[in-house]
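Descriptive structure summary
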Amino acid sequence: MTRLDYRTAGESHGRAVLALVEGLPAGIRIDVDFINAELRRRQGGYGRGGRMKIEHDEVHVLSGTRRDVTIGSPITLQIDNKDYRIDDAPAVPHPRPGHADLAGSLKWLTTDCRTILERASARETAARVAAGALVRSLLQEFGIDVVAYVTRVGCVEAKLNDALTLDEWRKLRDGNEAYCPDSQAATDMIAAIKQAKIDKDTLGGIVEVRVHGQPPGLGSCMRWQDKLDGRLMQAVGSIQAFKGVEIGLGFGSALRRGSEVHDEIDYDENQRNKPSLGYTRRSNRAGGLEGGMTNGEDIVVRGVMKPISTLLRGLDSVNLETKLAQRSDYERSDIAAVAAASVVAEHVVAFEIARAFLEKFAGDTLEEVRCSYDSYLDLARKLGVGAD
Ligand code: EPS
């Protein structure tokens, strides 16, 4: 059986961006409207530049389904680029500090950063969103939900109410163009982005992803490669322009003693049917992961995005042909793309959860996955004294 996995292909101004998804069991009804809605959300958010006025991202499912139901074969997702001009686009001899331009040009032995930036571009994240949104259909079958939103843009930080349900987070997030659940902070974020534009500068920020409904035991403590916390860190940390990832209390754990970090355990028979199987926690500072495995509590992952590296005012750089000083000049870019990045973070996390889910509850068909899931929960609930 093929492990759930995906690859992406495509350049920013190439013909299309693509995702090839393998290992999704047969029998899952896919939701093309949902994928398209998420693609549109990724294109939006306050602070996006002129390119997003050109593109109208829409997925074409080229293989792997029959009448919108998966048949177990590889699924190809294609999103066409309207701004397709890679062969005519001018050479870029001056690397933008912060972009992949210089490191990539040195790696691939070229003085034309164009050949690097085309693939390094965040345009590729459209494919990651499509793949993640596709596997949401599997997660939904098992009551697993994922939501992401913006918690910071520059100096503006959202005030969050931890007690909300995922639907409530989503509703608040969808109420503004900053994709932030705190409406006052959203207004301030938009003002900060407007000011950055006036100053010909850019802004970064922080996004938070929450997962609810996943059973305990996804991931593993037996091999470092299988630890789900590490895998989520790679998934989020590999998003273009991300510079840090934390889970739960994350870096804040260093400031506290153990008694103020670890989530004490109780048991409540009435909550036996919840994802945590009745083992309740007084807090969730672990962010739903202990020993590289889900513990039944909500997963909370945060990632930090640096400011966009293409600045209206430019930055000092060097011409790779002449080796003389040359300011990195501006063509067209976003001022802030933290809102869009939150959509990407949501879907790369969703994909990683789906992958870990199918590792534990493998099957060629959805029915087999369901049997495996049900029988595991049955066994887990029978553990210990007092079980039936
Ligand atoms: C990007 C530069 C801009 C962004 C792009 C990422 O594109 P362009 O150079 O064509 O104006 O709009 O993001 C996307 C195209 C997208 O779909 O998110 C870059 O250099 O990384």
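Here the structure is shown first, and the text comes after it.
Described below are features of the structure shown in this document. (Residues numbered from 1 in each chain as written. Predicted model: local features only at pLDDT ≥ 70, side-chain atom pairs only at ≥ 80, totals over all residues. Heavy atoms only, no water.)

1. Looking at the overall build of the protein
In terms of helices and strands, the protein carries 10 helices and 17 strands. Taking 388 residues into account, the globule formula puts the C-alpha radius of gyration at 21 Å, and the protein, at 22 Å, falls close to it. With the C-alpha coordinates aligned to their principal axes, the bounding extent of the protein is approximately 75 × 50 × 40 Å. When burial is assessed residue by residue, the protein has 52% of its 388 residues classed as buried. Counted over contacts in the protein with a minimum sequence separation of 6, partners at least 24 positions apart contribute 70%. Accessible surface, the protein: about 18600 Å² in total, of which carbon and sulfur atoms supply 52%. (Helix = DSSP H or I, 4+ residues; strand = E, 2+ residues; numbered from the N terminus. Rg over C-alpha atoms; globule rule 2.2 N^0.38 Å. Buried < 20%, exposed > 50% of the residue type's maximum accessible area, 1.4 Å probe, protein only. Contact = heavy atoms within 4.5 Å. Areas by Shrake-Rupley, 256 points an atom, 1.4 Å probe, with all protein chains shown as cover.)

2. As for helix H10 (residues 366–381)
With 16 residues, H10 extends 22 Å between its outermost C-alpha atoms, agreeing within 8% with the 22 Å of an ideal straight helix rising 1.5 Å per residue. Where H10 is concerned, the buried positions are Leu366, Val369, Tyr373, Tyr376, Leu377 and Ala380. Buried positions in H10, seen along its axis, are confined to an arc of 95 degrees and lie on one side of it. Structural note: H10 exposes Glu367, Cys371 and Leu379 on the side pointing more than 90 degrees away from its buried face. Its buried side turned inward, H10 meets helix H5 (125–141) and helix H9 (338–360). (Expected span 1.5 Å × (residues − 1). Arc of directions from axis to C-beta.)

3. A few points about a nonpolar patch on the surface
There is a patch of nonpolar side chains on the surface, built from Ile265, Tyr267 and Tyr279 and spanning about 330 Å² of accessible area. With respect to the secondary-structure elements, Ile265 resides in strand S11 (residues 265–267). For Ile265, a relative accessible area of 52% puts it in the exposed group. (Patch = residues over 30% accessible without salt bridge, like charges linked within 9 Å, V, L, I, M, F, W, Y side chains within 5 Å. Salt bridge = Lys/Arg side-chain N within 4 Å of Asp/Glu carboxyl O.)

4. Brief notes about the site of the ligand
In the vicinity of the ligand, the contacting residues are His13, Arg42, Arg48, Arg51, Met52, Arg96, His99, Ser121, Ala122, Arg123, Arg332 and Asp334. A distance of 3.1 Å separates an oxygen atom of the ligand from a polar side-chain atom of Arg48. Here the ligand, which alone exposes 470 Å², has 89% of that area covered by the protein. Here the residues of the shell around the ligand sort into two nonpolar, three polar and seven charged. (Near = heavy atom within 4 Å. Polar contact = N/O pair within 3.5 Å; in protein donor to acceptor, adjacent residues only side chain to side chain. Nonpolar A, V, L, I, M, F, W, Y, C, P; charged D, E, K, R; others polar.)

5. Side note on the pattern of salt bridges
Per the counting criterion, the structure on display carries 38 salt bridges. Of the charged contacts in the structure, one is a salt bridge between Arg41 and Glu346, with a shortest N-O distance of 3.4 Å. Linking Arg41 in helix H1 (residues 32–43) with Glu346 in helix H9, this pair joins segments that are 305 residues apart in sequence. Summarising the burial analysis for this pair, Arg41 and Glu346 share the class buried. The closest approach of N and O atoms between Glu55 and Arg123, which form a salt bridge, is 3.6 Å. Placement of the pair is Glu55 in the loop between helix H2 (51–54) and strand S3 (59–63) and Arg123 in the loop between helix H4 (114–120) and H5, with a sequence separation of 68 residues. Judged by its relative accessible area of 4%, Arg123 is buried. Each of Glu38, Arg41, Arg136, Asp145, Asp167, Arg170, Arg173, Asp174 and Glu346 takes part in a single network of salt bridges with overlapping partners.

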